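Architecture and fold: a report
Here's the letter readout for the chains.
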Amino acid sequence: MSLAINNNRRRRPDGGPVIDIHCHLGVPEAGDWFASQATPRGGCPTLSYTVSAEMMRAVAPKLNALDVRLHDMDRLGIDIQVLSPSPGQYYYDAPFEVARSTARTINDKIAAAVGLHPDRFAGMGTLPMQNAEGAVAELRRCQRELGLRGIEIGTNIAGRDLHLADFEPVFAAAEELNMLVFLHPMGFTEASRLSDHHLNNLIGNPLDTSIALSHLIFGGVLDRHPGLKLCAAHGGGYLAAYSARMDHGYHARRDCREGIRLPPSEYLKRCHFDTLVYSSAQLEALIKRWGADHLCLGSDYPFDMEEPDPVGFHRGLDDATLNLILGGNAEHLLGLASERSHQ
């Protein structure tokens, strides 16, 4: 994989590539095939549902193709996008055979995009998490056959939490293969009170990430897999800003200690978070609490909730911090740093 950087684009202070770890690629053919095989998903007849449908039609040229995306990357100063599936294409609620076929189609498309522009893209795949054996098989294919750098997993699997024994083989395999797990929500499962004002995204996404990380911690997943590489979208949800309450519970109650050996925040220290938090004060708080070496630039391209100036958002940080957040950490997590050093 060539990581040669065009000198006409903005670069981070140490000359390395600016990497956006949170970018989605849509695969219409997978969606079309899913629609022909599974029961159509319903939508709430609310203004938010209507606006979201309009937004998806508007961003389709960016989401589903590469030419506009490459132009935007140059405009925004992004050297490499890490392409991950559109969360609407997890298909965890489908029969396994349908989910496996759509996952393979999506992963093949992401790998093909990387192959066309290896200096501009890296890729993360999706898994048919309904079946652990099938998910592990696709995970291995993603790495060994497609050259993908990680996998994107939802914050729940059709309402089932990630600490359950069914999903243990997936995390074990990701740790074994040194594949990054990018944790990305698709709203909140109990969303009856969040249907208006886009609240199932504004509140629901960080809430479901907080719940998922909590289950991964208290359920012992991060204790059993200390080498697991995990990056949580949207700044780690609310948990990254409020972990002290969990630590207090750990010390105060035995039911908060039954599956783990360390206070919860010790496990959060093993995680990475993207910087899609919209507020410089929140960014500074993440840096102060978890360290610049645990943060990666993330934009949520190309959706309406994306950060419009992902490089400029970090303006004012010192050079050492910028080198880590704008690409150094992502290079390490995705195994790109060693390749660049051998060019």
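Further up the page is the structure itself.
Below or above, wherever it landed, is the structure these notes cover. (Residues numbered from 1 in each chain as written. Predicted model: local features only at pLDDT ≥ 70, side-chain atom pairs only at ≥ 80, totals over all residues. Heavy atoms only, no water.)

The next thing to look at is the environment of glycine 159. Among the structural elements, glycine 159 can be located in the loop between β4 (150-153) and α6 (168-177). It is 6.2 Å that separates the C-alpha atoms of glycine 159 and threonine 189, two residues lying 30 residues apart in sequence. (Helix = DSSP H or I, 4+ residues; strand = E, 2+ residues; numbered from the N terminus.)

Right, let's talk about the packing of helix α5 (residues 132-144) against α6 for a bit. Closest axis-to-axis distance for the α5/α6 pair is 9 Å, and the angle between their directions is 20°. Accordingly, the angle class assigned to the pair α5 and α6 is roughly parallel. Relative to α6, α5 is oriented so that their crossing is right-handed. On the side of α5, the interface is formed by Ala132, Ala135, Val136, Leu139, Arg140, Gln143 and Arg144, while α6 contributes Pro169, Val170, Ala173, Ala174, Glu176 and Leu177. Taken together, the residues of the contact of α5 with α6 sort by class into nine nonpolar, one polar and three charged. (Axes fitted to C-alpha atoms, helices over the stretch in contact; angles between N-to-C directions. Parallel < 35°, antiparallel > 145°, perpendicular 65-115°, else oblique. Left-handed = near helix turned anticlockwise from the far one by under 90°. Contact = heavy atoms within 4.5 Å. Nonpolar A, V, L, I, M, F, W, Y, C, P; charged D, E, K, R; others polar.)

Our focus in this paragraph is the environment of valine 221. Turning to its location among the elements, valine 221 is positioned in helix α9 (residues 221-224). Separated by 58 residues in the primary sequence, valine 221 and histidine 163 place their C-alpha atoms 6.2 Å from one another. Once residues within four sequence positions are removed from consideration, valine 221 is found in contact with Leu162, His163, Glu168, Phe171 and Leu216.

Moving on, we get to helix α3 (residues 67-76). When we look at burial in α3, the residues that qualify are Arg69, Leu70, Asp72, Met73 and Leu76. Buried residues of α3, viewed axially, fall in a sector of 160°; they line one side. Opposite the buried face of α3, at more than 90 degrees from it, the exposed residues are Asp67, His71 and Arg75. Directly beyond the C-terminal end of α3, a positive phi value near 80° is found at glycine 77. (Buried < 20%, exposed > 50% of the residue type's maximum accessible area, 1.4 Å probe, protein only. Arc of directions from axis to C-beta.)

Right, let's talk about helix α13 (residues 319-334) for a bit. Taking 1.5 Å of rise per residue, the 16 residues of α13 would be expected to cover 22 Å, and the 22 Å separating its terminal C-alpha atoms lies within 8% of that figure. A maximum bend of about 50° is found in α13 at isoleucine 325. Here α13 starts with a cap whose side-chain oxygen sits 3.1 Å from the backbone nitrogen of alanine 320, and that cap is aspartate 318. Of the residues flanking the end of α13, it is glycine 335, one or two places downstream, whose phi is positive at about 70°. (Expected span 1.5 Å × (residues − 1). Bend = angle between axes of the 7 residues up to and from the residue. Polar contact = N/O pair within 3.5 Å; in protein donor to acceptor, adjacent residues only side chain to side chain.)

Once that is clear, we can look at the sheet that holds strand β6 (residues 230-232). With parallel pairing, the eight strands of this open sheet are ordered in space as β1-β2-β3-β4-β5-β6-β7-β8. Looking at which strands have only one partner, the edges of the open sheet turn out to be β1 (19-25) and β8 (295-296). Sheet topology note: the strand β2 (residues 80-85)/strand β3 (residues 121-125) ladder contains three bridges and is parallel. Within the sheet, the bridge partner assigned to leucine 83 lies in β3 and is glycine 123. (Pairing = 2+ DSSP bridges.)

With that settled, consider the pairing of strand β5 (residues 180-183). Alternating residues of β5 divide into Leu180 and Phe182 and Val181 and Leu183, and every residue in both groups is buried. Examined bridge by bridge, β4 and β5 share four bridges and lie parallel to one another. Bridged to isoleucine 151 within β5 is valine 181. Following the chain from β4 across α6 to the adjacent parallel β5, one finds a crossover that is right-handed. Looking at chain direction, β5 and β6 are connected through three bridges and run parallel. Note on β6: the bridge partner recorded for valine 181 is leucine 230. (Right-handed = clockwise from strand over helix to strand, strands pointing away.)

For the rest of this paragraph, the subject is the nonpolar core. Counting 74 residues, the largest nonpolar core has Met129, Ile153, Leu213 and Phe273 as its most contacted members. If one sorts the elements of this core by residue count, helix α4 (residues 96-116) sits on top with six residues. Discounting chain neighbours no more than four positions away, the residues touching phenylalanine 273 are Leu213, Cys231, Ala232, Gly235, Gly236, Ala240, Leu268, Trp290, His294, Leu295 and Cys296. (Core = buried A, V, L, I, M, F, W, Y, C linked by side-chain atoms within 4.5 Å.)

Nothing here speaks to function; it is geometry throughout.
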